[in-house]
Amino acid sequence: GINGINGINGINGRSKIRLLMVGMLKFDGQKTIWVNQMRLLPRDRFSIEYATFASDNQDSPLVRMLADLGIPLHIAPLPSVSYDDLDAYAATYGQADQNQVSERHA
């Protein structure tokens, strides 16, 4: 087993395996598979959490299912990026003409 790697105490003093699922909140076929996997993993051996970067769909069935399973949900929206930031990035790294992004979004 895996012991002592940022673990949470499980049975017999062994550390639990920490599992972080990362995805959208939209409930689709992939999330059906994940929910079934999370439901079947032995909780005495696994500590499961779910994280998303999107704060929309908080009324998704997935949110309720995670709560029913006792799985913590972490929502960490990505910071917004301004067009000025994109222009500065393009000018610095030469990935695009400096005015190209601004002209498309003016």
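What you are looking at is a predicted structure, and each value in this text was computed from that prediction instead of being measured.

## Side note on the side chain of E49
Piece 1. With respect to the helices and strands, the residue E49 is situated in strand β3 (residues 46-52).
Piece 2. Under the relative-accessibility criterion, E49 is labelled buried at 19%.
Piece 3. Each residue touching E49, except ones within four places of it in the same chain, is listed here: R18, L19, L20, M21, I71, P72 and H74.

## Describing the pattern of salt bridges
Two side chains carrying opposite charge are able to pair once their charged atoms lie near each other.
Piece 1. Evaluated as defined, the whole model comprises three salt bridges.
Piece 2. In this structure, the salt-bridge partner of K31 is D28, at a minimum N-O distance of 3.5 Å.

## Points about the packing of aromatic side chains
Piece 1. In the structure shown here, the tally under the stated rule is two aromatic pairs.
Piece 2. Here K31 stacks its cationic end above the ring of W34, 5.7 Å away from the centre of that ring.

## Section: the side chain of T52
Piece 1. By secondary structure assignment, the location of T52 is in strand β3.
Piece 2. Taking relative accessible area as the criterion, T52 reaches 2% and is therefore assigned buried.
Piece 3. In terms of polar contacts, T52 uses its side chain to reach the backbone carbonyl oxygen of G23, at 2.8 Å.

## Considerations on the pairing of β3
Piece 1. Most of β3 sits out of view: seven of its seven residues are buried.
Piece 2. Residues F46, I48, Y50 and T52 line one face of β3 and the alternating positions S47, E49 and A51 line the opposite face, and both faces are buried.
Piece 3. As judged from the six bridges shared by strand β2 (residues 15-22) and β3, these two strands associate in the parallel manner. Across the sheet, the residue bridging to M21 is Y50, located in β3.
Piece 4. Between the parallel elements β2 and β3, the chain passes through helix α1 (residues 29-40) in a crossover that is right-handed.
Piece 5. Relative to strand β4 (residues 73-75), β3 runs parallel, the two being bridged by three bridges. Paired with A51 across the strands is H74, a residue of β4.
Piece 6. Traced from β3 through helix α2 (residues 61-69) to β4, the parallel crossover comes out right-handed.

Rules and cut-offs
- Residue numbers restart at each chain and count upward from 1, following the sequence in its written direction.
- In view of the model being predicted, local features appear only for residues whose pLDDT reaches at least 70, and side-chain atom pairs are presented and counted only at 80 or more, with totals across whole chains, interfaces and linings using the full set of residues.
- The side-chain numbers reported here are obtained from all heavy atoms of the structure, hydrogens and water having been left aside.
- In this description a helix means any DSSP run of H or I spanning at least four residues, a strand means any run of E spanning at least two, and both kinds are numbered starting from the N terminus.
- Note on exposure labels: buried denotes an accessible area under 20% of the residue type's maximum, exposed denotes more than 50%, and partly exposed covers the range between, all computed with a 1.4 Å probe on protein chains only.
- Throughout, a contact is declared for two residues whenever any of their heavy atoms are within 4.5 Å.
- Any carboxyl oxygen of Asp or Glu that lies within 4 Å of a side-chain nitrogen of Lys or Arg is treated as forming a salt bridge with it.
- Pairing of aromatic rings covers Phe, Tyr and Trp, the last through its six-membered ring, and needs centres within 6.5 Å; plane angles under 30 degrees mean stacked, over 60 mean edge-to-face, and all others mean tilted.
- For a ring to carry a charge above it, either NZ of a lysine or CZ of an arginine must fall within 6 Å of the ring centroid while also lying within 35 degrees of the normal to the ring plane.
- For this analysis, a polar contact is any N or O atom pair within 3.5 Å, provided that within protein one partner can donate a hydrogen and the other can accept it, and provided that sequence-adjacent residues contribute only side-chain to side-chain pairs.
- Two strands pair if DSSP finds at least two bridges between them.
- A clockwise course of the path from the first strand over the helix to the second, judged with the strands pointing away from the viewer, identifies a crossover as right-handed.

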